[in-house]
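The chain contents come next:
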Amino acid sequence: MIKVNIEGVKEFVDEREIREIDTKKALVELESLYENGWVDLPESYNTELSQEIKGVAGKIISESKALVVLGIGGSYLGARAAIEYIKSPNYNALPKQTPDIYFAGNNASGEYLSQIIELIGDRDFSVNVVSKSGSTIETAIALRFFKSMLESRYGAGGLKERLYVTTDKGSPLSKMAVREGYRCLEMPAEVGGRYSVLTVVGLLPCAAAGIDIDEMMAGAKEERSAGIDNACLYASTRQVLYRMGKKIEMLACFEPSFRSTGEWWKQLFGESEGKEGKGIFPAFADYTADLHSLGQYIQQGERTLMETFVSFDQPRANPVIPGGSLHDDKIGPIAGMDMHTINRSASEAVKKAHIEGGVPVIELLAPSLSAASFGAMTYFFKRSCAISALVSGVNPFGQPGVEAYKKNLFAILGL
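Residues numbered from 1 in each chain as written. Predicted model: local features only at pLDDT ≥ 70, side-chain atom pairs only at ≥ 80, totals over all residues. Heavy atoms only, no water.

Visitor: Let's hear about the environment of Asp 14: which residues, and what values?
Guide: Take Asp 14: it is sitting in the loop between β1 (3-5) and α1 (15-19). When the C-alpha positions of Asp 14 and Val 240 are compared, they lie 9.3 Å apart, and in sequence the two are 226 residues distant. A distance of 2.7 Å separates the side chain of Asp 14 from the side chain of Arg 16, its partner in a polar contact. (Helix = DSSP H or I, 4+ residues; strand = E, 2+ residues; numbered from the N terminus. Polar contact = N/O pair within 3.5 Å; in protein donor to acceptor, adjacent residues only side chain to side chain.)

Visitor: Just give me the short version of unusual backbone geometry, but keep the residues and values in it.
Guide: A cis amide bond, omega 10°, links Tyr 287 with the succeeding residue Thr 288. Note that Thr 288 resides in the loop between β8 (281-286) and α13 (295-300). Although it is not a glycine, Glu 276 adopts a positive phi angle of roughly 55°. Within the secondary structure, Glu 276 is located in the loop between α12 (259-273) and β8. Among the residues examined, Glu 276 registers a relative accessible area of 59% and is labelled exposed. (Buried < 20%, exposed > 50% of the residue type's maximum accessible area, 1.4 Å probe, protein only.)

Visitor: Which residues make up the packing of aromatic side chains, and what are the values?
Guide: Tallied over the entire structure, the rule returns 20 aromatic pairs. One aromatic cluster is present, built from ring pairs that chain together Tyr 234, Trp 264, Trp 265, Phe 269, Phe 380 and Phe 381. The ring centre of Tyr 91 lies 4.8 Å from the NZ or CZ of Lys 96, which sits over that ring. Sitting over the face of the ring of Tyr 234, Arg 238 holds its NZ or CZ atom 5.7 Å from the ring centroid. (Phe/Tyr/Trp six-rings, centres within 6.5 Å; stacked < 30°, edge-to-face > 60°. Lys NZ or Arg CZ within 6 Å of the ring centre and 35° of its normal.)

Visitor: Residue-level account of the sheet that holds strand β7 (residues 248-253), with values.
Guide: Taken together, 5 strands build an open sheet; the order of strands is β1-β10-β9-β7-β8 and the sheet is mixed. This sheet does not close on itself; its edge strands, each paired only once, are β1 and β8. Averaged over all adjacent pairs, the angle separating strand axes in this sheet is 25°, with direction ignored. Across 6 bridges, β7 lies against strand β9 (residues 305-314) in parallel orientation. Each bridged residue has a counterpart across the sheet, and for Glu 249 the counterpart in β9 is Met 306. Helix α14 (residues 339-356) rests against β1, β9 and β10 (361-368) of the sheet, and its axis sits at about 160° to β9. (Pairing = 2+ DSSP bridges. Axes fitted to C-alpha atoms, helices over the stretch in contact; angles between N-to-C directions. Contact = heavy atoms within 4.5 Å.)

Visitor: Go over helix α10 (residues 213-226), please, and point to the residues and values.
Guide: Given a rise of 1.5 Å per residue, 14 residues ought to cover 20 Å, and the 20 Å separating the end C-alpha atoms of α10 matches this to within 8%. Residues of α10 that are buried include every one of Ile 213, Met 216, Met 217, Gly 219, Ala 220 and Glu 223, and no others. Within α10, the buried residues cover an arc of 150° as seen down the axis, which keeps them to one side. Structurally, α10 contributes buried residues whose contacts are with α3 (41-44), α4 (47-63), α5 (77-86), α9 (200-208), α11 (228-243) and α15 (371-391). Put simply, Asp 212 is the residue that caps the front of α10, since its side-chain oxygen is 3.1 Å from the backbone nitrogen of Asp 214. (Expected span 1.5 Å × (residues − 1). Arc of directions from axis to C-beta.)

Visitor: Requested: an account of the nonpolar core, with residues and values cited.
Guide: Judged by nonpolar contacts, the single largest core of 89 residues is most densely connected at Trp 38, Met 216, Phe 258 and Phe 381. Here this core gets 12 residues from one element, more than from any other, and that element is α15. Those residues in contact with Phe 381 that sit more than four places away from it in its chain are Tyr 234, Leu 251, Phe 258, Trp 264, Trp 265, Leu 268, Phe 269 and Leu 364. Residues Ala 66, Tyr 102, Leu 143 and Met 149 belong to the second largest nonpolar core, which totals 23 residues. (Core = buried A, V, L, I, M, F, W, Y, C linked by side-chain atoms within 4.5 Å.)

Visitor: Any chance you could break down the pairing of strand β3 (residues 100-104) for me, citing the residues and the numbers?
Guide: Burial analysis of β3 places 5 of its 5 residues in the buried class, the great majority of the element. Covered by surrounding structure in β3 are Asp 100, Tyr 102 and Ala 104 together with Ile 101 and Phe 103, the residues of both alternating faces. Two elements, strand β2 (residues 66-70) and β3, share 5 bridges in a ladder whose sense is parallel. Within β3, the residue paired with Ala 66 across the bridge is Asp 100. Between the parallel elements β2 and β3, the chain passes through α5 in a crossover that is right-handed. (Right-handed = clockwise from strand over helix to strand, strands pointing away.)

Right, here's the structure in full:
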């Protein structure tokens, strides 16, 4: 379960203001909204779904040295976040029995696309295209490239065995899969893209990476049943800080494995809250690295920031600082200290400095960088986000503003 510590905001906010936020009303309203299907995903996840996903993943693992996931936004960010969080940001470079996993169809760069193709080389590979509509231009373009590549390498029969479609029932992609004989995995129609990480959208690439998806969903299930008060506390605290002029939230973590989760979080909160001239602007920083680029602004720039720190009780690895140095590096006294202690000390030092500089700090604490923890973390954020958006008076689902650039792009291209 994700714990919330608001000690770092008490110098800025009266706790009574936080308690007065009506999260109960938001929770009741959430139940009536169509795209709330993610709320019950941990409960509806069952052996049949688990075995279906594991079966497809097992086939991919047995046949391929690389898997290319085609999608943009929520169609890929959750899977990428999970793999880096649970396995490693260096997953593809590590020795393993599972395929390298590449993400494409999330931009319009020909250079990036060419590099993915070059990285695959002559290795056997499979493709998983993920799109609710099937008409997102970046993903549709990438699909044409990789479908052609699969057919050229394996023929029409091999193409059918190596192209997996994840989409809504009845979408253009679904109809193509039925017509051409591709394996199609259905997205729940009532779950929006950025809320879909705990559906087949995120679970299939995770299973192909060797992640225990049952453990991930068990973590989400525990968070669903026991974490509601913490989700409400986080949402309420954010809203009170927003009302006092803290318009930007900097999510920060001292573990690089969390970086892509930060990118997923940005989409979740940005698309859910940023409507009708309202919303906290979501930003992410990788500490301590980004303190050497953003630290000056955070410490002494315009006072419109709040921060949320994410920490972990137990590290995956915890090496000890060796003794000896070729120069006077001034750190002799901490030789023999473990790196987790150093990292936690850095977090405390940054928190103290930023609070003194006028930046309130919320802290979120998770047990470890594990599959269960990731399931809990993503469920916690989704519930907190929906509550926060409803408290501010906007619908957390839908993203009408995203359509503006798409319409312009289609017009420019004559589509």
